Amino acid sequence: MTKNIVIIEGDGIGPEVTRQSIKILNTIADQFGHEFNYRYCLMGADAIDKTGNPLPDETIESCLNCDGILFGAIGHPKYDNDPTAKVRPEQGLLKLRKSLQLFANIRPVTTYPSLHHLSPLKTKNIEEVDFVIFRELTGGIYFGKKEIDEAGTRASDDCVYTREEIERIAHLAFKQAQQRRKKLTLVDKANVLETSRLWRRVVKDMASQYSDVELNFLFVDNAAMQIILNPKQFDVILTENMFGDIISDEASVISGSLGLLPSASIGSGSALFEPIHGSYPQAAGKDIANPIGSILSAAMLLEHFGLVKEANLVRTAVNWTLENGFVTKDIDPVNFYFTTTIGELISDFVSDKIPVDVNKGNIELRKSTII
Ligand code: IPM
Ligand code: MG
């Protein structure tokens, strides 16, 4: 299979984690006889520095004409604390989502037994947690009319949804539920917001087409609490843009490290895959970032191409590293391995080069100095 992939390394740790994914994609290509061609494009603070524009037209053009996009991370502290900045890295990502009509952001949340101790939740509450959030990504308050008066004392952001916008993502969420444990939870604020009442009506109307799926509803404040109290209850969560942004970050800490989780943003054309973590500028260039969020995003990209066996091999390799203590600093601050070493190990596993009795002593380990 030949696929053309756009690579947007982005900001902070984006380039170093994305490079590990490319290493693994190349190994998969060799092993299974595929050809992956890469085109590198700019977005975010990196693009502002080089072109003055967080999303150059060339990037949009390449993304519209490719088979899939692998993206690293976005954001730089110099823009975060400056509310007057007219040009911001995040504008690039929002514009790309809109230009490609990436209306569904999909974030799976799973836990790993070897990392249970890192979770802020009690082990008994997180064993077997396995759910996926479908967040609407191109509508709602993010993209409504934004206004501020001349005096700068009154501002507003409109939240608008149409039936069609709700239906297209709800179909995806219902279908996903059918392939999983057949439970769909719509998270909204229908006791207060008109848009949420529309979400409820539309999703209820669709339920008869998916009669094998149990549909239920939760207000977002309650959902935020339930995700902490009893995350096992969830299978597929469907929600609008802003609520999804918030609860997906909340849910991401359950597994123990933000660095592990992948995401896919899909629409009717090319889809984009990215780790859910940010640009983590403090770690940039130090070879200590966790590449697994990006590598698992590459696995989602493979699955999107229909390469299920390949995607599962990457996931098995990732599990193998975690179970054997080959982890980055976010997971073990004392005995940790470099970003590049983890990438090499996963790549070696994929190409079957790891000896059964792997000798950890031969693998570069970086021990931090405890003073
Ligand atoms: C995310 C991020 C973005 C969002 C930012 C960077 C604009 O938080 O992908 O969740 O709010 O959607
Ligand atoms: Mg977010």
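Residues numbered from 1 in each chain as written. Chains lettered and ligands numbered in written order. Predicted model: local features only at pLDDT ≥ 70, side-chain atom pairs only at ≥ 80, totals over all residues. Heavy atoms only, no water.

Concerning the pattern of salt bridges
As a reminder of what qualifies: Here, a salt bridge means any Lys or Arg side-chain nitrogen found within 4 Å of an Asp or Glu carboxyl oxygen. Working definition: helices are DSSP H or I runs of at least four residues, strands are E runs of at least two. Numbering for both runs from the N terminus. Only protein chains enter the accessibility calculation, which uses a 1.4 Å probe; a residue whose area is less than 20% of its type maximum is buried, one above 50% is exposed, and one in between is partly exposed.
The tally for this structure, following the rule as stated, stands at 16 salt bridges. One salt bridge in this structure joins R107 and D249, with 3.6 Å as the shortest N-O distance. Of the two residues, R107 sits in strand β4 (residues 104-110) while D249 sits in helix α10 (residues 241-252), which places them 142 residues apart along the sequence. Across the pair E167 and R163 runs a salt bridge, and its minimum N-O distance is 3.4 Å. With E167 and R163 both in helix α7 (residues 163-179) and four residues apart, this pair spans about one turn of that helix. A residue is classified by how much of its surface remains accessible, and E167, at 25% relative accessible area, is partly exposed.

Re unusual backbone geometry
Although it is not a glycine, Q101 adopts a positive phi angle of roughly 55°. Within the secondary structure, Q101 sits in the loop between α5 (89-99) and β4. Judged by its relative accessible area of 28%, Q101 falls in the partly exposed class. One non-glycine residue, K182, adopts positive backbone phi at about 65°. Summarising the element assignment, K182 is placed in the loop between α7 and β8 (183-188).

A look at the packing of aromatic side chains
The criterion, for reference: Stacked, tilted and edge-to-face are the three classes assigned to paired rings of Phe, Tyr and Trp, where Trp is represented by its six-membered ring and a pair needs centres within 6.5 Å; plane angles under 30 degrees give stacked, over 60 edge-to-face, the rest tilted. A ring is considered to have a charge above it if a Lys NZ or an Arg CZ atom is located within 6 Å of its centre and within 35 degrees of its normal.
Counting across every chain of the model gives seven aromatic pairs. Plain terms: the ring middles of F36 and F305 are 6.4 Å apart, the flat faces sit at 40° to each other, and that makes the pair tilted. Of this pair, F36 sits in strand β2 (residues 35-40) while F305 sits in the loop between α11 (292-304) and α12 (308-323); the two residues are 269 residues apart in sequence, bridging distant segments of the chain. Each member of the aromatic cluster is reached from another via a ring pair, and the members are W320, F326, Y337 and F349. Between K98 and the ring centre of F143, over which it is positioned, the NZ or CZ distance is 4.7 Å.

Looking at the nonpolar core
Filter applied, for reference: Each nonpolar core is a collection of buried residues, namely Ala, Val, Leu, Ile, Met, Phe, Trp, Tyr and Cys, held together in the definition by side-chain atoms within 4.5 Å. All the domain ranges listed were derived from an automatic or database domain assignment. By definition, residues are in contact when any of their heavy atoms lie within 4.5 Å.
Counting residues in hydrophobic clusters, the biggest one holds 65 residues, and the most contacted among them are L238 and L322. A per-element tally of this core places α11 first, with eight residues. No fewer than three residues from each of domain 1 (1-106 + 258-371) and domain 2 (120-255) sit in this core. When near neighbours in sequence (up to four residues on either side) are disregarded, L238 contacts F134, I169, A170, A173, L184, T185, L186, V187, W199 and V203.

Looking at the site of ligand 1
Rules: Any residue with at least one heavy atom within 4 Å of a molecule or strand is counted as near it. In protein, a polar contact means a hydrogen-donor-capable atom and an acceptor-capable atom, both N or O and within 3.5 Å, with residues adjacent in sequence counting only if both atoms are side-chain atoms; elsewhere, any N or O pair within 3.5 Å suffices. What sets the accessible areas is the Shrake-Rupley method with a 1.4 Å probe; for residues, cover comes only from the shown protein chains. Just so you know the grouping, Ala, Val, Leu, Ile, Met, Phe, Trp, Tyr, Cys and Pro go in nonpolar, Asp, Glu, Lys and Arg go in charged, and all remaining residues, Gly too, go in polar.
Near ligand 1 you find E90, R97, R107, R135, Y142 and D245, and these make up its full shell. Measuring from an oxygen atom of ligand 1, one finds a side-chain N or O atom of R97 at 2.7 Å. One of the side-chain nitrogen or oxygen atoms of Y142 is found 2.5 Å away from an oxygen atom of ligand 1. If ligand 1 stood free it would expose 320 Å²; the protein chains cover 76% of that surface. Classifying every residue of the shell around ligand 1 by side-chain character gives one nonpolar, no polar and five charged.

Some words on helix α8 (residues 194-206)
Residues spaced three or four apart along an α-helix point in a common direction, a consequence of the helix completing one turn every 3.6 residues. Applicable threshold: For a helix, the expected span equals 1.5 Å multiplied by the number of residues minus one.
Along its 13 residues, α8 runs 19 Å from first to last C-alpha, staying within 8% of the 18 Å computed at 1.5 Å per residue. Residues of α8 that are buried include every one of T195, S196, L198, W199, R200, V202, V203 and M206, and no others. Those residues of α8 that are buried lie in contact with β5 (130-136), α7, β8, β9 (214-219), β10 (236-239) and α10.

What to know about the domain arrangement of the protein
To keep it simple, the criterion reads: Summed over both partners, the accessible surface that disappears when two parts come together, traced with a 1.4 Å probe, is what is meant by buried area.
In terms of domain boundaries, the protein breaks down into domain 1 (1-106 + 258-371) and domain 2 (120-255). The C-alpha centroid of domain 2 is placed 25 Å from the C-alpha centroid of domain 1. Of the residues lining the interface, 15 residues belong to domain 1; the matching set on domain 2 comes to 14 residues. Roughly 1400 Å² is buried in total at the junction of domain 1 and domain 2, and carbon and sulfur atoms are behind 66% of that figure. Of all residues in domain 1, F103, N105 and I106 give up the largest surface area on contact with domain 2, accounting jointly for 40% of the area buried on that side. Along the contact surface separating domain 1 from domain 2 lie zero salt bridges. Between the two partners, domain 1 and domain 2, sit four residue pairs in polar contact (both at pLDDT 80 or more). Put simply, the parts of the chain that give the side of domain 1 that touches domain 2 at least two residues each are α5, β4 and β11 (262-266). Class assignment for the residues of the side of domain 1 that touches domain 2 results in 10 nonpolar, three polar and two charged.

Section: the pairing of strand β1 (residues 2-10)
As a reminder, the rule being used: Here, any two strands with at least 2 DSSP bridges between them count as paired. A right-handed crossover is one whose linking path, passing over the helix from the first strand to the second, runs clockwise when the strands point away from the viewer.
Burial analysis of β1 places seven of its nine residues in the buried class, the great majority of the element. Across six bridges, β1 lies against β2 in parallel orientation. Its bridge partner lying in β2, N4 is registered against N37. In this region the chain leaves β1, passes through helix α1 (residues 14-32) and returns to the parallel neighbour β2; the handedness of that crossover is right-handed.

Considering the sheet that holds strand β3 (residues 68-73)
Strand pairing in a sheet is mediated by backbone hydrogen bonds. Such pairs are either parallel or antiparallel. Filter applied, for reference: Here an angle of 0 to 180 degrees is reported between the N-to-C directions of two axes, which are lines fitted to C-alpha atoms, with helices fitted over the stretch in contact.
Across the sheet, which stays open at both edges, the 10 strands sit in the order β2-β1-β3-β12-β11-β4-β5-β10-β8-β9 with mixed pairing between neighbours. In this open sheet, the two strands that pair with only one neighbour each are β2 and β9. Between one strand and the next, the sheet's axes are offset by a mean angle of 25°, whatever the strand orientation. Summarising the sheet, β5 and β10 pair through four bridges and their orientation is parallel. When the sheet's bridge partners are listed, I133 is paired in β10 with I237. Along the sheet, helix α3 (residues 57-64) makes contact with β1, β2 and β3, crossing β1 at roughly 150°.

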